[in-house]
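Chain by chain, the residues:
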Amino acid sequence: MKFLLLHLLVIINIFYHVVLCTSSAHHESQPIKTNQRVKRAWVWNQITTLEEQTNIPYLIGTLHSTKLRRDSKYILQGEYANTLFKVKENTGDIYGYEKLDREEKAQYNLTALLVDMITLKTLEPPEMFSIRLIDINDNAPSFTQDSYNASVSEMSATDVLVTKVTAVDPDDPTVAGHAKVTYKILQGYEHFKINENTGEIFTLSSYLDRETQASYEVIVQAKDSPGLSGGFSSSATVTIHLNDINDNFPTFTEKEYTFNVYEDLRVGDVVGKILVKDIDEPQNRNAKYTFSKAKFQQWFEIKSNAQTNEGIIILKKPLNYESSDNVFRMSIEVTDPSIDLRVVKQQRPSSTTEVIVNVLDVDEPPEFSAPYYMFKVKEDVIKKTIGFVSATDPDSPKRPVRYSAKPIKDDLFIVTINGSIFIKSLDRETNAWHNLTVTAEEIGSPTKKATSVNVYISVLDVNDNPPEFAEPYAPRVCENTANDIVSFVPI
């Protein structure tokens, strides 16, 4: 095809030169008027030739001057004269001696001279001309990137812009669409579409689910010369990642959970953890747990772990194995209040599981019947029991309890093993209050559990002391003194 085009151009150039020569000869035969402008002798248009010709040498064009004589010749000067381009001296035919690439250099500027063969004197002024290369479609469009990465939210609507690809063609954009690029999706057209002129990629399906497929490889073709047979093309891969949204409800991994906890578990401690499955990414998980019956809220609360999304059951109220509330059976529900209901895929908005909490017995120390004891006794009471302390085993064995006290100063009190407090003698004027620490210990307990209580004894006053003078006095009186007050003077 390109050779036919070349021959056509050569024929056009030759025809053009013949017409000009005929016209020029006709004008030369007419007498030149003094006021008429003299025309230049060089006759040709801009010379054009196809790029990438391999049949070397190949005819590019022909110089023509009306002043050509037998003793004259054509000479070329300028860019690549006598290397890439050579002229036949007697005919003016210009030949190319190398394959030329328009994309490297599209035009060459040269100078044509007609000179005397012997003296090399120019027979007319030099003429500047150019050789312009005609483009052939010899380049495929090239993408600006080898591969592309893009992202779009899952479950997006159709016609949402995902990304844009660009390919450029270095061929001449003015020639038969050689550099006109159109785009087409070769792989992935079930889910995405492309604007054939701009390279913009849009969603085609509104059911792109990240949990089903997290990314897609879309192969895009760029082709030149649209509407014509042949042409060149290239392709690029566009990896499209789906961004997660909150469109999946959490569901329990087990239908039932059982936790065994001891009754001495402290308030605020963890009873257990219940797991849920949420196939959304962590930032789109927001599980919320609730009790199906509100009465369990007085005993427990459930917190959601922000990292794992699991439910953490926390104790709010002390447990007691010996009470009737030593087994808890409760239903717990989980849902996600922040889920996007427009695109949610599950029919059930929540999930439920059964949680059983068994309270286990702990060997607890005896419990006194009062938080402290206080007895009042008169100071004149001697060798008598003034009261009792009492403690019981809260555990189901109900073991017997024995009592004891720390060594008491001056041995004023005795605490018997059955809890009786016996006094020997008390003196309020010596000490009006006495404090005791009494310990109760289970008999036969392998852990020897014990507990203590404070006992306060108030000594009440009894009139058991006669009055005393503050100081010894020596009264004096004069004889013959009338009835009068006697002065007492201290000795």
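Up top you'll find the structure we're talking about.
Residues numbered from 1 in each chain as written. Predicted model: local features only at pLDDT ≥ 70, side-chain atom pairs only at ≥ 80, totals over all residues. Heavy atoms only, no water.

Chemist: Break down the overall build of the protein chain for me, citing the residues and quoting the values.
Modeler: Of the regular secondary structure elements, the protein chain holds 1 helix and 36 strands. Counting the 491 residues in the protein chain, one finds 38% classified as buried. The long-range fraction of contacts in the protein chain, counting pairs at least 24 apart against all pairs at least 6 apart in sequence, stands at 68%. Approximately 29,500 Å² of the protein chain is accessible, and the part contributed by carbon and sulfur atoms is 52%. (Helix = DSSP H or I, 4+ residues; strand = E, 2+ residues; numbered from the N terminus. Buried < 20%, exposed > 50% of the residue type's maximum accessible area, 1.4 Å probe, protein only. Contact = heavy atoms within 4.5 Å. Areas by Shrake-Rupley, 256 points an atom, 1.4 Å probe, with all protein chains shown as cover.)

Chemist: Hey, could you go over the nonpolar core for me, with residue numbers and the actual values?
Modeler: Nonpolar side chains in soluble globular proteins generally cluster together in the buried interior. Counting 25 residues, the largest nonpolar core has Val271, Ile274, Tyr289, Phe300, Ile313, Ile332 and Val355 as its most contacted members. Counting residues per element, the ones that place at least two in this core are strand 18 (256-262), strand 19 (270-274), strand 21 (288-291), strand 22 (300-304), strand 23 (311-315), strand 24 (327-335) and strand 25 (350-360). At 4 residues, strand 24 tops the list of elements feeding residues into this core. Residues Val377, Tyr403, Ile421 and Ala440 belong to the second largest nonpolar core, which totals 23 residues. (Core = buried A, V, L, I, M, F, W, Y, C linked by side-chain atoms within 4.5 Å.)

Chemist: Which residues make up a nonpolar patch on the surface, and what values do they have?
Modeler: A contiguous nonpolar surface patch, about 360 Å² in accessible area, is contributed by Tyr372, Met374 and Trp433. Classification of Trp433 by relative accessible area gives partly exposed; the value is 44%. (Patch = residues over 30% accessible without salt bridge, like charges linked within 9 Å, V, L, I, M, F, W, Y side chains within 5 Å. Salt bridge = Lys/Arg side-chain N within 4 Å of Asp/Glu carboxyl O.)

Chemist: Quick one: what's the story with the packing of aromatic side chains, residue by residue and with numbers?
Modeler: With the rule as written, the count across this model stands at 14 aromatic pairs. Judged by centre distance (6.3 Å) and plane angle (75 degrees), the ring pair of Phe368 and Tyr373 falls under edge-to-face. Note on Phe368: relative accessible area 15%, which makes it buried. Owing to a relative accessible area of 10%, Tyr373 belongs among the buried residues under this scheme. Consider the rings of Phe368 and Tyr403, whose centres lie 6.3 Å apart with planes at 50 degrees: the pair is tilted. Remark: Tyr403 occurs in strand 30 (residues 401-405) and Phe368 occurs in strand 26 (residues 367-368); sequence separation between them is 35 residues. By way of ring pairs, the aromatic residues Phe368, Tyr373, Phe375 and Tyr403 are connected into one cluster. Over the aromatic face of Tyr108 sits the side chain of Lys105, whose NZ or CZ is 5.3 Å from the ring centroid. Its guanidinium or amino end placed over the ring of Trp299, Lys317 lies 4.3 Å from that ring's centre, counting from NZ or CZ. (Phe/Tyr/Trp six-rings, centres within 6.5 Å; stacked < 30°, edge-to-face > 60°. Lys NZ or Arg CZ within 6 Å of the ring centre and 35° of its normal.)

Chemist: Account for the pairing of strand 23, with residues named and values stated.
Modeler: With respect to burial, strand 23 is a largely interior element, 5 of its 5 residues being buried. Judged by which residues are buried, strand 23 turns out to be covered on both faces: Gly311, Ile313 and Leu315 on one side and Ile312 and Ile314 on the other are all buried. As paired strands, strand 19 and strand 23 are joined by 4 bridges and run antiparallel to one another. The residue of strand 23 that forms the bridge with Val270 is Ile314. The pairing of strand 22 with strand 23 spans 5 bridges and is antiparallel. Opposite Glu301, over in strand 23, you have Ile314 as the bridge partner. Once strand 22 ends, the chain turns through 6 residues before running back antiparallel as strand 23, passing Asn309 with a positive phi of about 70 degrees. (Pairing = 2+ DSSP bridges.)

Chemist: Lay out the pairing of strand 33 (residues 433-442) in plain terms, naming residues and giving numbers.
Modeler: Successive residues of a regular strand alternate their side chains across the two faces of the sheet. Residue alternation in strand 33 divides its side chains into a buried set, His434, Leu436, Val438, Ala440 and Glu442, and an unburied set, Trp433, Asn435, Thr437, Thr439 and Glu441. Here strand 30 runs beside strand 33; their pairing, made up of 5 bridges, is antiparallel. Each residue of the ladder has a partner; that of Val401, found in strand 33, is Glu442. Strand direction decides the pairing type here: strand 33 and strand 34 (residues 450-460), joined by 9 bridges, are antiparallel. Bridging across to strand 34, Ala440 finds its partner in Thr451.

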